[in-house]
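# Structural overview
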Amino acid sequence: SLGKIGDYPGPILQSHGDCDEVVPFLFGQRLHAAAVGNAKYFHTIAGGTHNDPQPRDYYELLDSFLNRLAEN
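A few points on the structure. (Residues numbered from 1 in each chain as written. Predicted model: local features only at pLDDT ≥ 70, side-chain atom pairs only at ≥ 80, totals over all residues. Heavy atoms only, no water.)

### Examining the overall build of the chain
When helices and strands are tallied, the chain shows two helices and two strands. Reading the chain from its N end, one meets helices and strands in the order β-α-β-α. Each of the three principal axes of the chain carries a C-alpha extent, and together these read 35 × 30 × 15 Å. Every one of the 72 residues in the chain was classed for burial, and the buried ones make up 25%. Taking all contacts inside the chain whose residues are at least 6 apart in sequence as the whole, residues at least 24 apart take part in 70%. (Helix = DSSP H or I, 4+ residues; strand = E, 2+ residues; numbered from the N terminus. Buried < 20%, exposed > 50% of the residue type's maximum accessible area, 1.4 Å probe, protein only. Contact = heavy atoms within 4.5 Å.)

### Focus on the pairing of strand S1 (residues 12–17)
With five of its six residues buried, S1 lies for the most part within the structure. With six bridges joining them, S1 and strand S2 (residues 40–45) adopt parallel strand pairing. Bridging across to S2, His16 finds its partner in Thr44. Handedness of the crossover joining S1 and S2 through helix H1 (residues 25–34) is recorded here as right-handed. (Pairing = 2+ DSSP bridges. Right-handed = clockwise from strand over helix to strand, strands pointing away.)

### Details of the pattern of salt bridges
One pass over the structure, following the stated rule, counts one salt bridge. In this structure, the salt-bridge partner of Glu60 is Arg56, at a minimum N-O distance of 4.0 Å. With Glu60 and Arg56 both in helix H2 (residues 56–71), this residue pair falls four residues apart, about one helical turn. Given a relative accessible area of 69%, Arg56 falls into the exposed group. (Salt bridge = Lys/Arg side-chain N within 4 Å of Asp/Glu carboxyl O.)

Function-wise, these values are silent; they only describe arrangement.
Dropping the structure here:
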């Protein structure tokens, strides 16, 4: 993923649990940092593990993200 993300210039909404036991949180942060698009957002899920469902605030962020994309 890290080797490919720089080829994608589009919008990104990425979420990652800071207690992910499968994909370390630092890897998610590195992936996000390597993304080249202007519309990129990173959402930390406090206490979130790899298979936890997205919390309510994520869906609010997703709604806002999609609305901004629709306006452009």
